[in-house]
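Observations on the model geometry
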Amino acid sequence: MELLDNLGLGFSVALSFQNLFYCFAGALLGTLIGVLPGLGPIATIAMLLPITFGLPPVSALIMLAGIYYGAQYGGSTTAILINLPGESSSVVTAIDGHQMAKQGKAGTALATAALGSFFAGTVATFLLALFAPPLAELALKFGPPEYFALMVLGLVASVTLASGSVVKALAMIVLGLLLGLSGQDIYTGVPRLTFNVDELADGFDFVALAMGMFGLSEIIRNLEDEHNRTLVAAKVKGLMLSKEDFKAIIGPVVRGTVLGSFLGILPGGGAMLSSFAAYSVEKKISKTPRRFGKGAIEGVAGPESANNAGAQTSFIPMLTLGIPSNPVMALMIGALIIQGITPGPNVVTDKPDLFWGVIASMWVGNFMLVLLNLPLIGLWVRLLTVPYHVMYPAIIAFCCIGVYSVNNNTFDVYTMALFGILGYALVKLDCEPAPLLLGFVIGPMLEEYLRRAMLISRGDPMVFVTRPISAILLLLAAIALVVVLLPSVQKGREEAFKE
Amino acid sequence: MFAKATRAACAVFRGIAAVPVVVVGIALASAGAHAQTFPSRPITVIVPFAAGGPTDTVARLVAESMTKTLGQQVIVENVGGAGGTRGAGQVAKATPDGYTLLLHHIGQATAPSLYRKLPYKVTDFETAGLITPVPMTLIAKPGFEPKTIADVITYVKANKEKVTYGNAGVGSASHLCGMLFMAATGTPLTTVPYQGTGPAMNDLVGGQIDLMCDQTTNTTGQIKGGKVKAYAVTTKDKVPSLPDLPTLQASGLKDFEVTIWHGLYAPKGTPADVVAKLNQALGVALDDPKVASRFADLGTEPEAKNRRSPEFHKQFLTDEVAKWKPVIEAAGVYAD
Amino acid sequence: MGFVRNPKDVISGLLFIAIALLFAWQSRELTIGSAMRMGPGYFPLVLSVVMGLLGLIVLINGLRYPGEAPSGFAWRALVILVGATLFFGFAMRPLGFLPTLAITVFASTLASTLFRPLTALAITAVMVVFCWGVFILGLGLPLPLLGPWLGGY
């Protein structure tokens, strides 16, 4: 019953008055800042990092974790309400979530996100408590070949994000991959695809790209026909979930949680893949895949659960091995180092109060997030009743400030303008932006892992099939490709016959 | 309906709208206050790397203490990108009044050799003092055969390109240490670059790559937790927090010494008395027992007293630029 | 336009091919390497070719199957909003945070056909106060309130 003792210790730390306060403060601040368009979890944590320096280490980490979930949830809120994903995981939420909002079901979408996240968070916390060390060992089995195979699978799956033409979706993914390669080649240090612009030495910035492709172009599109635009607010329906809604989301939430919990452990992009892996799965197993992209509640429930579960389990490599699995965890490690704690395998034994306190606080944090956000939903939905011509200048301003403040770089603001134009043109041509963004995130990793695998195997391509995990993943990718392409091949034939 | 709501809103906000006018007034007033003794307003220290990294940590510890000494807020601002050259370039172009400073590590000395199109020169800065030399450690995957550092050297010589060496990207600390190690042992290893220390450490602990050399800041946790094999430190003397590790110098690699040293810089043309005042405040920070104990947690210590003057820093910087030029040129890697 | 059956697809196809050519041209000086030892140019080149082929398929589809032409462009919004964003980037350093923000917000309001001067001024004022409170007071972002052109630093 060591586990119970440990959890007991954890909860005694997490439920102390002081830590409850910091947990709540973190979740609240995170939500409030994360909900501003353009400010995702990384930007939010980086901004708020200094205020935790004065706190004791446990409280600091608890507060940062709170900020992290809060910001992530806040990001989903903006994705649903105004179609502005501030980070890669909420790109997927925006697809169906915003459609729901347009149909007057913003409250339902937000409640689904909150409850799905809470369920996923609870499960992931217990997974963490029970299996953190063995899960971390499992993650270490993932070498470059396995990651490459995983990225290929992710790439194939991202085709399902589009509801229109498959060929166009593929072209958008490839465009994203190419844009993602811009910047310094990490193997040789050579700058490439930089168009001789010095500021592109590190490539395009994700936030700038997303704000342009989604934010700016969406606003321009909304201004096309203002007089005939039916107000979203006019048809806001109930805020809570109906019995049918509950039935519809149980499956997606559970599947999303499982996917997210597993993928979250994997450093370098695992957590990012989880939300759209969940989306692909839901769309594939749905009896009515055509509803996806047009406001399917499953398309919100699955990815939101997955991304929260992934956020939780991404703490595993950080807490057990001292290895950051994503930029957010790197910031957390920085916070620990500033507190005088060296993150590493010894934290569990040397600082059990910290380790278990943080784990227990994850559950507490998730609980607070629900408490905080269910009442706030009413407020967010009411925001939609603000006339659009009053609201969009504010969104533009927040996007500019958010994009600028990520790197204090004016070039990123120009990038946003450029992608606003490109995004608008592509939307007018029925090319959907979501696959492009995922290609953009995956592109550099795909190449990096492929080249690294070849380097380590000394140029032997057999490494991808002789290693079991990578072989299985590649097989899955091949199957997925067939499944994805099959309907479009058939459809093409049908259309050909029609003529 | 909208018009009515708007009119109501206007009435409410007409009062609030006065606020920016007041702000503008205050900002204008403070702009004319340059003549006062330094510092009369907050100082910005630019760290050319992301928040939360080792250099950022050093900067924040020092800034906290300097804030107390100077009586003005010393703010750390992270301007990451292009291996630290973006932030450095920004400071090089800043007004030389002591209110915009740069806190950079060894990269300040290696950038001129790594970047052929560097938009600034090392001489565009006034040196304001060295801060801390962070030691590096040579570590290997768990289960790596050699037992001692001497064995490692024989092993890499015998197996040459079969041994893989991981680094955190062009120009990173681990990249520099690796280049020097390969030059010293005369063995070109297969270099596997990563985006940062995190993923590289992950593959080392997972046994995907063989060797790595990185700052104690990044490796102490894994060494003490027994997740990696540690062989040696790269400093001249042993490192107090890792007493079991011999130095590379004592293990047959003559003159092998790398530390990730950190320094404070002001733009060229900053008045000498301002630089002196900053150097003095930096010295107070380095004598602060709290800073020293935090440095010890990171596996490092404040710069020795006789190495703290701006003059020493200037000479040291020149020497380091000269030391790394041939090593980088021999390796034939460039970052642009 | 007789043989262009689906203008949207034809334009997208041409756009994709153009972008593919642009990227292929950009990667012309990079080392290609081999499949075993890839140089920095390998991936960009392969992807450019794939992109070009996909563009070609989209183009051919557009010539074969009928579809609509894109219409209803919001030119006014496009020009004004892109301009406002570019202005923000351009003016942030020389003018400083508050004036830049105010002008950007006010200019953005002009993009709407429902523009009313008083509403626009009210939105501008609210945004300036709100952003000043949140980003400067609350989050302490290191943004200069007034830039050097206006006597700030």
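Residues numbered from 1 in each chain as written. Chains lettered and ligands numbered in written order. Predicted model: local features only at pLDDT ≥ 70, side-chain atom pairs only at ≥ 80, totals over all residues.

Regarding the overall build of chain B
How we decide: In this description a helix means any DSSP run of H or I spanning at least four residues, a strand means any run of E spanning at least two, and both kinds are numbered starting from the N terminus. Put plainly, a residue is buried at 20 or more neighbouring C-beta atoms within 10 Å of its own, exposed at 12 or fewer, and partly exposed in between, counting only other residues' C-beta atoms, which are placed from the backbone. What counts as a contact here is a pair of residues whose C-beta atoms, placed from the backbone, lie within 7 Å.
Secondary structure summary: chain B contains twelve helices and nine strands in total. The buried share among the 336 residues of chain B stands at 51%. Summarising the internal contacts of chain B: among those between residues at least 6 apart in sequence, 77% fall at separations of at least 24.

Considerations on the overall build of chain C
Stated precisely, the cut-off is as follows: Computation of the radius of gyration draws on C-alpha atoms alone. For the globule rule, the value is 2.2 Å times the number of residues to the power 0.38.
Along the backbone of chain C there are five helices and zero strands. Listing each helix as α and each strand as β along chain C from the N terminus yields α-α-α-α-α. A globule of 153 residues ought to have a C-alpha radius of gyration of about 15 Å, yet chain C, at 24 Å, is considerably larger. For chain C, the proportion of its 153 residues judged to be buried stands at 44%. The contacts of chain C with a sequence gap of at least 6 include a subset with a gap of at least 24, amounting to 64%.

A closer look at the domain arrangement of chain B
Residues and elements named next belong to chain B. Spelled out, the test is: The split of the chain into domains comes from an automatic or database domain assignment. When residue character is reported, Ala, Val, Leu, Ile, Met, Phe, Trp, Tyr, Cys and Pro are called nonpolar, Asp, Glu, Lys and Arg charged, and the others, Gly included, polar.
Here chain B is described as being made up of domain 1 (41-133 + 260-331) and domain 2 (135-233). Distance from the C-alpha centre of domain 1 to the C-alpha centre of domain 2: 27 Å. Each partner contributes to the interface: domain 1 provides 14 residues, whereas domain 2 provides 14 residues. Those elements giving two or more residues to the side of domain 1 that touches domain 2 turn out to be α5 (107-114) and α12 (310-331). Among the elements that line the side of domain 1 that touches domain 2, the one with the most residues is α12, at four residues. Its residues placed into classes, the side of domain 1 that touches domain 2 shows nine nonpolar, five polar and no charged.

Looking at the domain arrangement of chain C
Domains assigned within chain C are domain 1 (7-64) and domain 2 (75-150). Its C-alpha centre places domain 1 of chain C at a distance of 39 Å from the equivalent point of domain 2 of chain C.

Topic: the interface of chain C and chain A
Taken together, the 55 residues of chain C in the interface contact 52 residues of chain A. Within the residue set of the side of chain C that touches chain A, elements represented by two or more residues are α1 (7-26), α2 (42-64), α3 (75-95), α4 (97-109) and α5 (117-138) of chain C. Top element by residues in the side of chain C that touches chain A is α3 of chain C. It accounts for eleven residues. A breakdown of the residues in the side of chain C that touches chain A according to their chemical character gives 38 nonpolar, 14 polar and three charged.

Some words on the UniProt feature "transmembrane region" (unreviewed entry) in chain C
Residue and element names in this part refer to chain C. Inclusion rule: UniProt positions are given in the numbering used here, feature names are shortened, and annotations may be inferred rather than shown by experiment.
Under the local residue numbering, the UniProt record ascribes the feature "transmembrane region" (unreviewed entry) to residues 42-61, 73-91 and 122-143. Annotation note: span residues 73-91, helix share 89%, strand share 0%, distance between end C-alpha atoms 28 Å. In the segment residues 122-143, helix accounts for 77% and strand for 0%; the C-alpha atoms at its two ends are 23 Å apart.

A word on the packing of helix α3 (residues 54-70) of chain B against helix α10 (residues 272-287) of chain B
All names here are of chain B. What counts, and what does not: Only the contacting stretch of a helix is used when fitting its axis, a line to C-alpha atoms as for every element, and angles between N-to-C directions run 0 to 180 degrees. Comment on the angle field: the value is read as roughly parallel under 35 degrees, roughly antiparallel over 145, roughly perpendicular from 65 to 115, and oblique elsewhere. Crossing handedness follows the turn of the near helix against the far one: under a right angle anticlockwise gives a left-handed crossing, and clockwise gives a right-handed one.
Direction vectors running N to C along α3 and α10 enclose 120°, while the axes themselves pass 8 Å from each other. Looking at the two axes, α3 sits oblique to α10. For α3 against α10, the interelement crossing comes out right-handed. On α10, the residues touching V62, S65, M66, T69 and L70 of α3 are A281, L282, V284 and A285. Looking at side-chain class alone, the contact of α3 with α10 contains seven nonpolar, two polar and no charged residues.

Observations regarding α3 of chain C
Every α-helix carries 3.6 residues per turn, so stepping three or four residues along brings you back to the same face. Here is the rule we go by: For a helix, the expected span equals 1.5 Å multiplied by the residue count minus one. At any given residue, the bend is defined as the angle formed between two axes, one fitted to the seven residues that end at that position and one fitted to the seven that begin there.
The terminal C-alpha atoms of α3 of chain C, which comprises 21 residues, lie 28 Å apart, in line with the 30 Å expected from a rise of 1.5 Å per residue. Helix geometry: α3 of chain C is bent most strongly at G89 of chain C, by close to 30°. Listing the buried residues of α3 of chain C in full gives A77, L78, I80, L81, V82, A84, T85, F88, G89, M92 and L95 of chain C. Next to the buried residues of α3 of chain C lie α9 (206-222), α17 (388-407) and α18 (410-428) of chain A together with α4 of chain C.

A closer look at the pairing of strand β1 (residues 43-47) of chain B
Residue and element names in this part refer to chain B. What counts is decided by this rule: At least two bridges found by DSSP between two strands is the condition for calling them paired.
Buried residues dominate β1, accounting for four of its five residues. Pairing between β1 and strand β2 (residues 74-78): five bridges, direction parallel. Counted as the bridge partner of I43 is V74 from β2. Inspection of the sheet shows β1 paired to strand β3 (residues 100-104) by three bridges, in the parallel sense. Note that in β3 the partner of V45 across the bridge is L101.

Re the packing of helix α4 (residues 57-82) of chain A against helix α6 (residues 106-140) of chain A
All names here are of chain A. It is the contact of α4 with α6, at a shortest axis distance of 10 Å, that shows an interaxial angle of 155°. Here α4 lies roughly antiparallel to α6, going by the angle between them. Seen from above, α4 lies across α6 with right-handed handedness. The segment α4 lies against α6, with Y73, S76, T77, I80 and L81 engaging A106, A109, L110, A113 and S117. Partitioned by chemical class, the residues of the contact of α4 with α6 number seven nonpolar, three polar and no charged.

Quick word on the environment of G269 of chain B
You can see G269 of chain B is positioned in the loop between β9 (259-267) and α10. A C-alpha to C-alpha distance of 34 Å links G269 of chain B and T217 of chain B, two positions 52 residues apart in sequence.

Some details on the environment of G87 of chain B
All names here are of chain B. For G87, the location among the structural elements is in helix α4 (residues 85-92). By C-beta crowding, G87 is classed as buried, having 23 other C-beta atoms within 10 Å. Along the backbone, G87 and G107 are 20 residues apart, and their C-alpha atoms lie at a distance of 12 Å. Sequence-distant contacts of G87, that is, excluding residues within four places in its chain, are made with I46, V47, P48, V79, G80 and L102.

Thoughts on unusual backbone geometry
Residues and elements named next belong to chain A. Of note in the backbone geometry, N83 takes a positive phi value of approximately 60° without being a glycine. Accessibility expressed as a C-beta count within 10 Å gives 23 for N83, which makes it buried. In this structure, R458 takes a positive phi of about 55° despite not being glycine. Judged by the 13 C-beta atoms lying within 10 Å of it, R458 falls in the partly exposed class.

A word on the pairing of strand β4 (residues 125-140) of chain B
Residue and element names in this part refer to chain B. Counting buried positions over the 16 residues of β4 gives 16, a clear majority of the element. In this sheet, β9 lies alongside β4 in antiparallel orientation, the contact comprising eight bridges. When the sheet's bridge partners are listed, G129 is paired in β9 with L264. Sheet analysis places β4 next to strand β7 (residues 211-215), joined by five bridges and oriented antiparallel. Within β7, the residue paired with T137 across the bridge is D214. Bridge count between β4 and strand β8 (residues 229-233): four bridges; the pairing is antiparallel. Opposite L138, over in β8, you have A232 as the bridge partner.

Topic: the nonpolar core
A general trend in soluble globular proteins is that nonpolar side chains are found buried together. Under the convention used in this document: To count as a nonpolar core, a set of buried Ala, Val, Leu, Ile, Met, Phe, Trp, Tyr and Cys residues must be joined through C-beta atoms within 7 Å.
Counting 329 residues, the largest nonpolar core has L61 of chain A, L101 of chain B together with L81 of chain C as its most contacted members. No other element matches α6 of chain A, which puts 18 residues into this core. The residues contacting L101 of chain B, other than those within four sequence positions of it, are I43, V45, I46, V91, A128, L264, Y265 and A266 of chain B.

Considering the environment of V170 of chain B
All names here are of chain B. Mapped onto the elements, V170 comes out in the loop between β5 (164-167) and α7 (173-185). The exposure class assigned to V170 is buried, which follows from the 22 C-beta atoms found within 10 Å. Through-space distance from the C-alpha of V170 to that of P193 is 7.6 Å; in sequence the pair is 23 residues apart.

Re the confidence of the model for chain C
All names here are of chain C. We apply this condition: Confidence of the predictor in every single residue is expressed as pLDDT, which spans 0 to 100.
Residue-level pLDDT values for chain C average 87, and 96% of them are 70 or greater. Per-element mean pLDDT across chain C ranges from 90 in α5 up to 94 in α4. Per the prediction output, this complex has pTM 0.82; the corresponding ipTM is 0.92.

Observations concerning the confidence of the model for chain B
On average, residues of chain B carry a pLDDT of 82, and 88% of them reach 70 or more. In this model, residues 1-35 of chain B is a region of pLDDT below 50 whose contacts with residues beyond four sequence positions or in other chains number 33 contacts.

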